[in-house]
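# Coordinate inspection notes
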Amino acid sequence: MMTGCSRFRSLVPTIHRLLLAKTEPFRIATSSSSIRFCSAAMEDVKRRRLSLGNQLARSSPKKVSCSKLNTGSVGDLVLIEGDVVESRDSGRCLDIVDTTGSVRLTAPNSLRTQLAKMHRTDRVTVVGRVRARPDPERSEGERTGDIEVLVERILGMGRDSINLAEGGYAKVEWPEGLSALDVTEQERGKCSSESILEYFRRREYTCAVFRRHDIGRQVHLVGWLEDGGHLPDRMMLRDSYGAIQLRVSTIPEEHRNGIPENAVILATGTIRARPTMAKGLPTGTVEVYVDELEVLDPNKPYENPVSTRRLNINRFTDRTHNCGQLRASHAGQKVTLCGWLEYVRMNMFFTLRDGYGSTQVVVPEAVTNTVKLDGIPFESILKVTGTVVKRPYGQENGQQATGEIEVIMDSVEVLNPARSRLPIDIQEHNQAKEFLRIEHRYIDLRSAKLQHNLRLRSQIIMKMREFMINRCGFIEVETPTLFRRTPGGAQEFVVPTRKPDHFYSLVQSPQQFKQMLMSGAIDRYFQVARCYRDEATRPDRQPEFTQLDLELSFTDRHQIMSLVEGILDASWPSQLHPLQLPFPRMTYQEAMSRYGCDKPDTRFGLDLRDLSTILSSNEKMRHGVATPDFGAFAIVAKPPNGNPKTFKTALTKVLKEYPRCKFAVSVVSDSWTESSIVNLFGVRETAEIKERLKLGTGDLMLLGYGKASEAQEMMGRVRLALYTELEERNLRVTRSVLAPNFLWIVDFPMFAANEETGQLETVHHPFTTAHPEDMHKLRSKQDLASIRSQSFDLVWNGMEIGGGSVRIHEAALQRMVLADILQIEHSHLQHLLDALESGCPPHGGFAIGLDRYISLICRAKSIREVIAFPKTINGKDPLSKAPVRITDEEKRLYHIRTVDVGEGEGEEEEKVES
């Protein structure tokens, strides 16, 4: 799309083309050696260009928006741009519109043919002179109805500028200092408070801008209702720029009739085609199908209608409001609420709860004898009608969203009574154990915490989808869950079939499918994918999990990382601290040397210090480890550190996992270089360590040494355990759970040797390609251990939330990696190799672990708190008791039998074979 500046910059070449059109046709003499232009015609072109150039220098057009034109503009030479609304009289008149309003263009005979070719929604840019319309053609209903623009030059025309990524409506970029949505004096006069005026100041659109290419757009419009008679389900909303029809059939009639005169209205809805076009109205081809119609209260502060997502969540239900919706502004309204009975007191009042909040309901004395709430079990489903009133002074509850009001009950209906005693209670404190809550998840889901987590999860995923589809043009494609077994990687779930000795496997990820989509020209794919791995569960892992999976062609890792940053930024909850883009990047080598792990928590220091070169000659410390493999890594904690002996319990668990490494702790004193530490390090080494680490009195030094890779990893774990211990003792600043410390880890090794077999394995997966600088090593199969891959991980506060890579797209190279380097039998991957060999573009992708990512945003202790129906830590489902035994008949159907491998009652005592 051309901006205002670039269109003006293109003025000269456009004039050149117009001049060429007015000259006599060129006479071209052709031969085998040259093409000769007529010199006389060229001289004529130069003369005319110079003449018009001088005219432009004397009279430069002024760039304006449609709504800025009025009778005071008559005689001005203007540059104007907009979308075509309607062409009349064979191109003599053309109505165009921009984001502020509309104006009529009138074409002279010389340009009429060109304008007659314009179609609705085409973009046109012209230079013309403003003049008054003839009296018979004036339109009192339009802001620019008294004037028109006589076109002198056409600078651009066609459909190329329509922005399909934004739904088909192309916004004009206005020069600095010119606002397309200025608040007019008329609109100021309509506003009775600054808060209402703010809705006009911050509006996205005026009422005049919408045409057929906007159909489907979600809009929030502010204005007032026009005087005059309307159809029962239609209203006309107007602002100073124009008007548009509202279809209000979904709004209750009493609400429509109760709108005060001269009130300012906020209408939320969707642009739809108008059944019958209204001639003379620029927006006559469309209307707004209204979801919510709100009379703006001058005493209420401004609320952004986009960020607050004014959705009518009570449509298609028997209720008028939900239990978390009512405020003091609703006082006097008759309402109907539905929900769960939460609390009852003395048959005088009770609270009703649903997924949105709680509302207090008062039972009038007149009905206390007929309504007996004490006999209704808690968690029963009630339907209540009544009148909203403000609570008496001093009885407001500031801790509750509906704490300013209560509902005086008119009637109550028990829709479904609950059992008298439920297995768990809905309460924030003294909760039942997690196993019991998962077993009765249908009750636990009513808790405020789970309601918040699941609703936030839905919003985040929705925003991710919107960004990828509407702003990046991705296609959501669903790939199969039933697939074939893939050797290597995680253990897969096996699914028997009716064909003997033939099984499906549940996919670990859509990896192979998305690569084949790239070969199939689906060049921008994504899906919210379900994945399965038969592994021991941890707090951040489940046997079935969800990831945002994406892949795109003709890309590199830098562009993929920028895309992922855009996805997170677009879906990041608005109540949190904004993300700072781009995220910093760190190589795998730096992460390991500084933090001892490839997913470092960068919210605190305590970096590892490498002392290997100083201590490598110490035979006592090497303890049989060869010098090249030896490593010693220190952590220095400045005081206050408390008593180091008390850290023993916290660190012992970590140290037990590294039995081949040694560990030492020392508190630095004034005479440290003469203390017993010399017996371990040596005199020279002790002094050199003190100098290199800048040790001072009171510093705590922790040292791990042994095989370099193990000692480095151990000290990375010690670093985390130490800070956690200091944090719990209030000796360090508590880490913010939501600190936006995102970090890219890049340049991972491509291969690593298996510790038991020595066979090379891929660090990421076998479809990842090599770093461009190391590609020659891969192709020649030399120095494989030093090859860096094009894989990359995204880490947030020490947690890996996603990973991706650029893939191998050449079949021969992929076959060589599988067969010659990894020594993997690859007949099961023939379909993928065939796809690569059939013309597959360079491509790469990424996957975000949604369960883990959202659990961090929600500050959840485990991902089970952001999953509606999770498994327990051992992979079982207490709710349905799955996995369960199957009948002998079902076993025969699938040609399987169970073989007892030990005594016991649990299903884990059995294995299944074909």
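Data block above holds the structure.
Residues numbered from 1 in each chain as written. Predicted model: local features only at pLDDT ≥ 70, side-chain atom pairs only at ≥ 80, totals over all residues. Heavy atoms only, no water.

### Observations concerning empty space enclosed by the protein
- Under the counting rule described, the total for this entry stands at five cavities of 30 Å³ or more.
- Here the largest cavity defines a volume of roughly 90 Å³.
- Across the lining of the largest cavity, the residue classes break down as five nonpolar, four polar and two charged. (1 Å grid on protein atoms, 1.4 Å probe; cavity = no way out; pocket = protein on both sides within 12 Å on 5 of 7 lines; lining within 4 Å. Points joined across faces, edges and corners; volume = space filled by probe spheres on them. Nonpolar A, V, L, I, M, F, W, Y, C, P; charged D, E, K, R; others polar.)

### Thoughts on helix α21 (residues 811-821)
- Along α21, the positions that sit buried rather than exposed are Ala811, Leu813, Gln814, Met816, Val817, Leu818 and Ile821.
- In the core, the buried residues of α21 are packed alongside β31 (751-753), β32 (760-762), α20 (775-780) and α22 (830-837).
- With its phi angle positive at about 55°, Gln823 sits one or two positions after the end of α21. (Buried < 20%, exposed > 50% of the residue type's maximum accessible area, 1.4 Å probe, protein only. Helix = DSSP H or I, 4+ residues; strand = E, 2+ residues; numbered from the N terminus. Contact = heavy atoms within 4.5 Å.)

### Points about the packing of aromatic side chains
- With the rule as written, the count across this model stands at 15 aromatic pairs.
- Ring geometry for Trp796 versus Tyr853: centroids 6.0 Å apart, planes at 55°, classification tilted. Here Trp796, found in strand β33 (residues 791-796), pairs with Tyr853, found in helix α23 (residues 850-857); they are 57 residues apart in sequence, far enough to count as distant.
- Given a relative accessible area of 1%, Trp796 falls into the buried group.
- You can call Tyr853 buried: its relative accessible area is 0%.
- Through successive ring pairs, a cluster of aromatic residues spans Trp572, Phe583, Phe742, Trp796 and Tyr853.
- Geometry around Tyr289 places Arg272 over its ring, the cationic atom sitting 3.8 Å from the centre.
- Lying across the ring of Phe604, Arg719 places its NZ or CZ 4.0 Å from the centre. (Phe/Tyr/Trp six-rings, centres within 6.5 Å; stacked < 30°, edge-to-face > 60°. Lys NZ or Arg CZ within 6 Å of the ring centre and 35° of its normal.)

### A short note on the pattern of salt bridges
- Counting across every chain of the model gives 51 salt bridges.
- Ionic pairing is found between Asp291 and Arg315, a salt bridge with its closest N-O pair at 2.8 Å. Residue Asp291 is found in strand β13 (residues 286-295), and its partner Arg315 is found in the loop between β13 and β14 (334-345); the two are separated by 24 residues along the sequence.
- The partner of Glu590 in a salt bridge is Arg594, and the shortest N-O contact between them spans 3.0 Å. Residue Glu590 and its partner Arg594 are both found in helix α13 (residues 588-595); the two are separated by four residues, about one turn of the helix.
- Under the relative-accessibility criterion, Glu590 is labelled partly exposed at 31%.
- With relative accessibility at 28%, the residue Arg594 sits in the partly exposed group. (Salt bridge = Lys/Arg side-chain N within 4 Å of Asp/Glu carboxyl O.)

### Examining the sheet that holds strand β9 (residues 218-225)
- The mixed closed barrel is built from five strands, whose spatial order is β9-β10-β11-β13-β12. On average, each strand axis in the sheet is tilted by 55° relative to the strand beside it, whichever way the strands run.
- Inspection of the sheet shows β9 paired to strand β12 (residues 264-273) by seven bridges, in the antiparallel sense. By the bridge assignment, His220 is partnered in β12 with Thr268. (Pairing = 2+ DSSP bridges. Axes fitted to C-alpha atoms, helices over the stretch in contact; angles between N-to-C directions.)

### Overview of the packing of helix α16 (residues 648-655) against helix α19 (residues 708-728)
- Running from N to C, α16 and α19 point in directions that differ by 155°, and their axes come no closer than 9 Å. Looking at the two axes, α16 sits roughly antiparallel to α19. The interaxial crossing formed by α16 with α19 has right-handed handedness. Mapping the contact onto sequence places Ala650, Leu651, Val654 and Leu655 in α16 and Met714, Arg717, Val718, Ala721, Leu722 and Glu725 in α19.
- Of the residues in the contact of α16 with α19, the class split is eight nonpolar, no polar and two charged. (Parallel < 35°, antiparallel > 145°, perpendicular 65-115°, else oblique. Left-handed = near helix turned anticlockwise from the far one by under 90°.)

### Some details on the sheet that holds strand β24 (residues 544-553)
- What the eight strands build is an open sheet, ordered β19-β23-β24-β35-β34-β33-β30-β25; its pairing is mixed. Looking at strand neighbours, the two that pair on one side only are β19 (475-476) and β25 (585-587), the edges of this open sheet.
- Taken together, the five bridges between strand β30 (residues 742-746) and β33 define a ladder with antiparallel strand orientation. In the strand pairing of β33, Trp744 is matched with Leu794.
- α13 rests against β25 and β30 of the sheet, and its axis sits at about 80° to β25.

### Some points on the state of the cysteines
- Across all of its chains, the model carries zero disulfides by this definition.
- Cys323 provides the cysteine sulfur closest to Cys338, a residue in no disulfide bond, and the two sulfurs are 7.9 Å apart.
- By relative accessible area, Cys338 is classed as buried at 18%. (Disulfide = S-S within 2.5 Å.)

### As for the pairing of strand β18 (residues 405-416)
- Two strands pair when backbone bridges link them, and strand β16 (residues 357-362) and β18 are joined in this way by two bridges, in the parallel orientation. In the sheet register, Val362 faces β18, and the bridge partner there is Ile408.
- Sheet topology places strand β17 (residues 381-390) next to β18; ten bridges connect them, and they run antiparallel. Within β18, the residue paired with Gly386 across the bridge is Met409.

### A look at helix α11 (residues 511-519)
- Within α11, seven of the nine residues are buried, leaving the element largely enclosed by the surrounding structure.
- If you check which residues of α11 are buried, you get Gln511, Gln512, Phe513, Lys514, Gln515, Leu517 and Met518.
- In this fold, the buried residues of α11 make contact with β20 (482-483), β23 (524-532), β24, α22 and β35 (843-849).
- Looking one or two residues beyond α11, the residue adopting positive phi is Ala521, at roughly 70°.

### Observations concerning the nonpolar core
- Counting residues in each nonpolar core, the largest one holds 42 residues, and the members touching the most others are Leu568, Phe742, Trp744, Leu794, Trp796, Phe846 and Tyr853.
- At the level of secondary structure, the elements contributing two or more residues to this core comprise α10 (448-471), β24, α12 (557-571), β30, β33, β35 and α23.
- When neighbours within four sequence positions are excluded, Tyr853 is seen to be in contact with Ile460, Met464, Leu568, Trp572, Phe742, Trp796, Ile801 and Ile848.
- Counting residues in each nonpolar core, the second largest holds 22 residues, with Met621, Ile689, Leu693 and Leu703 among its members. (Core = buried A, V, L, I, M, F, W, Y, C linked by side-chain atoms within 4.5 Å.)

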